[in-house]
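Below are the chains, spelled out letter by letter.
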Amino acid sequence: MAVNGPRPIIIGNWKMNGTSESLGEIRLMTGMLDGVELGCDVVVCPPATLIRQVHEMLSESKIGTGGQDCHPEPNGAFTGDISAEMLRDAGARYVILGHSERRHYHDESDALVRRKAEAAHRAGLVAIICVGETELERGAGDTLDVVSRQLAGSVPKGSGAENTIIAYEPVWAIGSGVTPTSDEIGEVHRAVRHWLAERLGDEAARAMRILYGGSVKSTNAADIFAIPDVDGSLVGQASLKAKDFLGIIGQFAPC
Ligand code: 13P
């Protein structure tokens, strides 16, 4: 984490997990955090079906709620889709965009991710824009090229620290239990910060949060958060259980 850098943020991505039964984990989380002063911002991104309930359960806490995707248009004949305005109406203040699972399983291009990020900004949501290379791309030495191409295509004009977060998630580290070395993570985060400075200016680049995601757990979180330019994490599996998630959040508890 950068000294004097932005306030860290931990974001839980529940992916396609969670029914009303899972609300018990939110209850456990609020109970365990009651009266605790957090050393970082915290956001939970449940499936869309639970956003309103999670938002209401978290309303007394400082924990935010987010969606996992949105359509670029505000409304219309797009069966099955959800707009940024609808997420906002349900209580979301954040939305994950361009996650590698969306890029892969739904063929999402950088241009589409950018339109979705513009929609998020239009609706007053913070866009969490995901980038990251595949194992093949890393093997070919293309990591930094891939990440900067994704940033160039996906981050819209008008992005700043107040409406955008970047999440670096190497595809091969997601759900695999394998993480890059600290040097590898640091190299990409430094390059992302540099790219942001060139496009948005030094001040915006310094203030914007750059998260690492991919097999983060309580046992490796401290090492990852110690890497310069890592301002928190986007957490998948370890965000599903309150105890595991708090083990990560706790790394930032003020002493
Ligand atoms: P895991 O933490 O399960 O590896 O998932 C990371 C992720 O994809 C978060 O968006």
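Structural data are supplied above this passage.
Description of the structure in this document. (Residues numbered from 1 in each chain as written. Predicted model: local features only at pLDDT ≥ 70, side-chain atom pairs only at ≥ 80, totals over all residues. Heavy atoms only, no water.)

1. Description of the side chain of His71
Its place among the elements puts His71 in the loop between strand E3 (64–67) and helix H3 (84–90). Polar contacts involving the side chain of His71 include one to the main-chain amide nitrogen of Glu73, which spans 2.9 Å. Sequence-distant contacts of His71, defined by excluding residues within four places in its chain, comprise Phe78, Asp81, Ile82, Ser83, Ala84 and Ala119. (Helix = DSSP H or I, 4+ residues; strand = E, 2+ residues; numbered from the N terminus. Polar contact = N/O pair within 3.5 Å; in protein donor to acceptor, adjacent residues only side chain to side chain. Contact = heavy atoms within 4.5 Å.)

2. Examining helix H10 (residues 218–225)
Within the sequence span of H10, burial applies to Asn220, Ala221, Ile224 and Phe225. Taken end-on, H10 shows its buried residues confined to a sector of 135°, consistent with a single buried face. H10 presents Thr219 and Asp223 as exposed residues on the side facing more than 90 degrees away from its buried surface. (Buried < 20%, exposed > 50% of the residue type's maximum accessible area, 1.4 Å probe, protein only. Arc of directions from axis to C-beta.)

3. Overview of helix H7 (residues 143–154)
For an α-helix the count is 3.6 residues per turn, leaving residues at separations of three or four pointing the same way. For H7, with 12 residues, the first-to-last C-alpha span of 16 Å sits near the 16 Å given by 1.5 Å per residue. Among all positions in H7, only Thr143, Val146, Val147, Gln150, Leu151, Gly153 and Ser154 are buried. Where the residues of H7 are buried, they touch helix H4 (100–105), helix H5 (110–122), strand E5 (126–131), helix H6 (135–139), strand E6 (164–168) and helix H8 (182–200). (Expected span 1.5 Å × (residues − 1).)

4. Observations concerning the sheet that holds E6
As summarised here, the arrangement of the 8 strands in space is E1-E2-E3-E4-E5-E6-E7-E8, forming a closed barrel in which the pairing is parallel. Across the sheet, the axes of successive neighbouring strands diverge by a mean angle of 25°, strand direction being ignored. (Pairing = 2+ DSSP bridges. Axes fitted to C-alpha atoms, helices over the stretch in contact; angles between N-to-C directions.)

5. A short note on the site of the ligand
Inspection of the region around the ligand gives 13 residues, with Lys15, His99, Gly175, Ser215 and Gln237 positioned closest. In this structure, an oxygen atom belonging to the ligand sits 2.8 Å away from a main-chain N or O atom of Ser215. Gln237 places a polar main-chain atom, nitrogen or oxygen, 2.8 Å from an oxygen atom of the ligand. In the complex, the protein chains occlude 96% of the 310 Å² of accessible area that the ligand would expose alone. (Near = heavy atom within 4 Å. Areas by Shrake-Rupley, 256 points an atom, 1.4 Å probe, with all protein chains shown as cover.)

6. Some points on the environment of Glu135
With respect to the helices and strands, Glu135 occurs in helix H6. Along the backbone, Glu135 and Ala173 are 38 residues apart, and their C-alpha atoms lie at a distance of 8.7 Å.

7. A closer look at the pairing of strand E2 (residues 41–45)
On a regular strand, each side chain points to the face opposite its neighbour's, so the side chains alternate between the two faces of the sheet. Within E2, 4 of the 5 residues are buried, leaving the element largely enclosed by the surrounding structure. Alignment of strand E1 (residues 9–13) against E2, held across 5 bridges, turns out to be parallel. If you follow Gly12 over to E2, its bridge partner there is Val44. In this region the chain leaves E1, passes through helix H1 (residues 23–33) and returns to the parallel neighbour E2; the handedness of that crossover is right-handed. Relative to E3, E2 runs parallel, the two sharing 2 bridges. Counterpart to Val44 in the pairing with E3 is Thr65. (Right-handed = clockwise from strand over helix to strand, strands pointing away.)

8. Focus: the nonpolar core
One recurring pattern in soluble globular proteins: nonpolar side chains tend to sit buried together. Ranked by size, the top nonpolar core spans 62 residues in total, and within it Ile10, Met29 and Ile166 carry the most contacts. Ile11, Ile96, Val126 and Cys130 belong to the second largest nonpolar core, which has 13 residues in total. (Core = buried A, V, L, I, M, F, W, Y, C linked by side-chain atoms within 4.5 Å.)

9. Overview of unusual backbone geometry
Trans is the prevailing form of peptide bonds, just as negative phi is the prevailing case for residues other than glycine. At Lys15, a residue that is not glycine, the phi angle is positive and equals roughly 55°. Its location among the elements puts Lys15 in the loop between E1 and H1. Lys15 gets classed as partly exposed once you look at its relative accessible area, which sits at 21%. The residue Asp107 is not glycine, and still its phi comes out positive at about 55°. The residue Asp107 is located in the loop between H4 and H5 in this model. For Asp107, a relative accessible area of 68% puts it in the exposed group.

10. Examining the packing of H1 against helix H11 (residues 242–249)
At their nearest, the axes of H1 and H11 sit 9 Å apart, and the two run at 40° to each other. If you check the angle between H1 and H11, you find them oblique. Both H1 and H11 take part in a crossing whose hand is right-handed. Contacts from Glu25, Leu28, Met29, Met32 and Leu33 of H1 reach H11 at Ala242, Lys243, Phe245 and Leu246. Of the residues assigned to the contact of H1 with H11, the class counts are 7 nonpolar, no polar and 2 charged. (Parallel < 35°, antiparallel > 145°, perpendicular 65-115°, else oblique. Left-handed = near helix turned anticlockwise from the far one by under 90°. Nonpolar A, V, L, I, M, F, W, Y, C, P; charged D, E, K, R; others polar.)

Function-wise, these values are silent; they only describe arrangement.
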